[in-house]
Amino acid sequence: MAKIKIFVFLIAITMLGHLPVNAAVNSFQGGMSTGANYTSNADRTEDDENSEWESTINASLSYTREVATGIFSARYAPTFRYNYDSNNTNLGHRVSLSADKELSDRWSLSIS
């Protein structure tokens with residue numbers, strides 16, 4: 001009885017070895033940048049009589065999954081701004097998602 005089970009097990013492993021396997025490439029990326037902006041307003045218009053000094057900090061994080069029949073990607077990027085003259089802070093968020101899927105040789109589906 002044990003010999004039959006081993007024989008069936010070996011046949012099953014042999015058959016599983018020929019099943020198609022979808023490999024995927026997963027990647028994570030991140031980044032950060034800083035910057036400064038100065039507006040001198042030499043003309044001193046009535047709308048804006050003062051100069052402005054502003055600093056920004058940008059960050060980003062993205063994930064991409066690529067398989068033989070498609071790609072999925074997601075990205076998140078927050079931005080922090082500080083205006084020294086008005087003592088104002090601003091926090092902005094950007095999120096993007098996209099997916100591409102090949103349905104057949106002639107048909108594909110893209111969502112962004």
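Residues numbered from 1 in each chain as written. Predicted model: local features only at pLDDT ≥ 70, side-chain atom pairs only at ≥ 80, totals over all residues. Heavy atoms only, no water.

A.B. asks: How would you sum up the pattern of salt bridges? Please name residues and give values.
C.D. replies: The full count for this structure, using the stated rule, is one salt bridge. Its salt-bridge partner being Arg81, residue Glu54 comes within 3.6 Å of it at the nearest N-O pair. One end of the pair, Glu54, is in strand β2 (residues 52-67); the other, Arg81, is in strand β3 (residues 70-83), with 27 residues separating them in the sequence. Taking relative accessible area as the criterion, Arg81 reaches 36% and is therefore assigned partly exposed. (Salt bridge = Lys/Arg side-chain N within 4 Å of Asp/Glu carboxyl O. Helix = DSSP H or I, 4+ residues; strand = E, 2+ residues; numbered from the N terminus. Buried < 20%, exposed > 50% of the residue type's maximum accessible area, 1.4 Å probe, protein only.)

A.B. asks: So what about the pairing of β2? Which residues, and what values?
C.D. replies: Examined bridge by bridge, strand β1 (residues 24-39) and β2 share 16 bridges and lie antiparallel to one another. Note on β2: the bridge partner recorded for Tyr38 is Trp53. In terms of strand pairing, β2 meets β3 through twelve bridges, oriented antiparallel. Bridged to Ser62 within β3 is Arg75. (Pairing = 2+ DSSP bridges.)

A.B. asks: Can you explain the side chain of Ser62? Please cite residues and give values.
C.D. replies: Examined against the element boundaries, Ser62 turns out to sit in strand β2. For Ser62, the contacting residues outside a window of four places in its chain are Ser27, Phe28, Gln29, Ala74 and Arg75. (Contact = heavy atoms within 4.5 Å.)

A.B. asks: Give a detailed account of the environment of Ser55, specifying residues and quantitative values.
C.D. replies: Residue position: Ser55 is located in strand β2. Note: C-alpha distance between Ser55 and Thr34 (21 residues apart in sequence) is 7.5 Å. What Ser55 contacts, discounting residues up to four positions off in sequence, is Gly35, Ala36, Phe80, Arg81, Tyr82 and Tyr84.

A.B. asks: Provide a residue-level description of the environment of Arg65, including the pertinent values.
C.D. replies: Mapped onto the secondary structure, Arg65 falls in strand β2. Look at Arg65 and you get partly exposed, because its relative accessible area is 37%. Taking C-alpha positions, Arg65 is 9.1 Å from Phe28, a pair spaced 37 residues apart along the chain. Those residues within four positions of Arg65 in sequence are excluded, and the remaining contacts are Ala24, Val25, Asn26, Gly70, Ile71 and Phe72. Within the structure, the side chain of Arg65 is placed 3.2 Å from the side chain of Asn26, a separation counted as a polar contact. (Polar contact = N/O pair within 3.5 Å; in protein donor to acceptor, adjacent residues only side chain to side chain.)

A.B. asks: Residue-level account of the packing of aromatic side chains, with values.
C.D. replies: In total, this model carries three aromatic pairs according to the counting rule given. Residues Tyr38 and Trp53 carry aromatic rings whose centres are separated by 5.7 Å and whose planes lie at 55 degrees to one another, so their mutual orientation is tilted. Taken together, the positions of Tyr38 in strand β1 and Trp53 in strand β2 put the pair 15 residues apart, joining distant regions of the chain. With relative accessibility at 37%, the residue Trp53 sits in the partly exposed group. A centroid spacing of 4.8 Å and a plane angle of 90 degrees characterise the contact between Tyr82 and Tyr84, whose relative ring orientation is edge-to-face. (Phe/Tyr/Trp six-rings, centres within 6.5 Å; stacked < 30°, edge-to-face > 60°.)

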